[in-house]
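Observations on the model geometry
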Amino acid sequence: QVQLVESGGGLVQAGGSLRLSCAASGRRSSSYVMEWFRQAPGKEREFVAGINWNSGNTFYRDSVKGRFTIARDNAKNTMYLQMNSLNPEDTAVYYCALKAGQIIITSTARIDYWGQGTQVTVSS
């Protein structure tokens, strides 16, 4: 069983920055990817960014490219999402996710584990 715990959410003004963290514990497969999703009120949960834990390869949704950076710290078993130039459309609950395998996917259907979520609110 894998546990994922997010932190770092909060309230920020448009143009500001936040860094989310996701600490992973428990037994994981030899290859896996970790991803960030978000869900705004009344909307579907959507993919934000993903990272292959072994290779470090990353993938982003178009709307966050150049503003968000995903990274991982192997020693701390922690994934990060640095979010810059935030705008109100980024307001959502952000979820950490883990999927066995090497392919970063953008669908929620294949995710093996979810964190509890952390709220990010961007005021205009």
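Quick look at the structure, then.

Rules used in this analysis
- The written sequence of each chain sets the order in which its residues are numbered from 1.
- Only residues with pLDDT of 70 or above have their local features reported here, since the model is predicted, and side-chain atom pairs are shown and tallied only from 80 upward, although totals for entire chains, interfaces and linings are computed over all residues.
- Processing note: side-chain calculations cover all non-hydrogen atoms of the structure and skip hydrogens and water entirely.
- The term disulfide is used for any two cysteine sulfur atoms that are within 2.5 Å.
- Per the convention used, a helix needs a DSSP run of H or I reaching at least four residues, while a strand needs a run of E reaching at least two, with both numbered from the N terminus.
- With a 1.4 Å probe rolled over the protein chains alone, any residue whose accessible area is under 20% of its type maximum counts as buried; one over 50% counts as exposed, and the rest are partly exposed.
- Residues adjacent in sequence count toward polar contacts only when both atoms are side-chain atoms; beyond that, a polar contact is any pair of N or O atoms within 3.5 Å, and within protein one must be able to donate a hydrogen and the other to accept it.
- For our purposes a nonpolar core is just a set of buried Ala, Val, Leu, Ile, Met, Phe, Trp, Tyr and Cys residues, chained together by side-chain atoms within 4.5 Å.
- Pairing of aromatic side chains here covers Phe, Tyr and the six-membered ring of Trp, requires ring centres within 6.5 Å, and sorts the geometry by plane angle: under 30 degrees stacked, over 60 edge-to-face, intermediate tilted.
- We call a charge positioned over a ring when the NZ of a Lys or the CZ of an Arg lies within 6 Å of the ring centre and within 35 degrees of the ring normal.

This brings us to the state of the cysteines. Tallied over the entire structure, the rule returns 1 disulfide. Residue pairing for C22: its cysteine sulfur links by disulfide to C96, the two sulfurs lying 1.9 Å apart. Sign of the S-S torsion, about -70° for the bond between C22 and C96, identifies this disulfide as left-handed. Of the two residues, C22 sits in strand β3 (residues 18–26) while C96 sits in strand β9 (residues 92–100), which places them 74 residues apart along the sequence. Its relative accessible area of 0% is what places C96 among the buried residues.

Quick look at the side chain of E6 now. Tracing the sequence through the fold places E6 in strand β1 (residues 2–7). At a separation of 2.7 Å, a polar atom in the side chain of E6 contacts the main-chain amide nitrogen of C96.

Residues M34, W36, M79, L81, M83 and Y94 are the most contacted members of the largest nonpolar core, which totals 29 residues. Among the secondary structure elements, those contributing two or more residues to this core are β1, β3, β4 (32–39), β5 (46–52), β7 (68–73), β8 (78–83), β9 and β11 (118–123). By size, the runner-up hydrophobic cluster in this structure holds 6 residues, among which are F37, F47, I104 and I111.

A word on the packing of aromatic side chains. With the rule as written, the count across this model stands at 5 aromatic pairs. Note on F37 and F47: the rings are 5.8 Å apart at their centroids and 80° apart in plane angle, and the pair reads as edge-to-face. Remark: F47 occurs in strand β5 and F37 occurs in strand β4; sequence separation between them is 10 residues. You'll find F37 and F47 in the same group, each marked buried. When the ring of F37 is compared with that of W114, the centres are 5.1 Å apart and the planes differ by 65°; the resulting orientation is edge-to-face. Note that F37 is positioned in strand β4 and W114 in strand β10 (residues 113–114), a separation of 77 residues in sequence. By relative accessible area, which is 0% here, F37 ends up buried. Residue class for W114 comes out partly exposed when judged on its relative accessible area of 29%. Members of the aromatic cluster, joined through ring pairs, are F37, F47, F59, Y95 and W114. The side chain of R45 reaches across the aromatic face of Y95, ending 3.6 Å from its centre. Between R45 and the ring centre of W114, over which it is positioned, the NZ or CZ distance is 4.6 Å.

Purely spatial values, then, with no claim about function.
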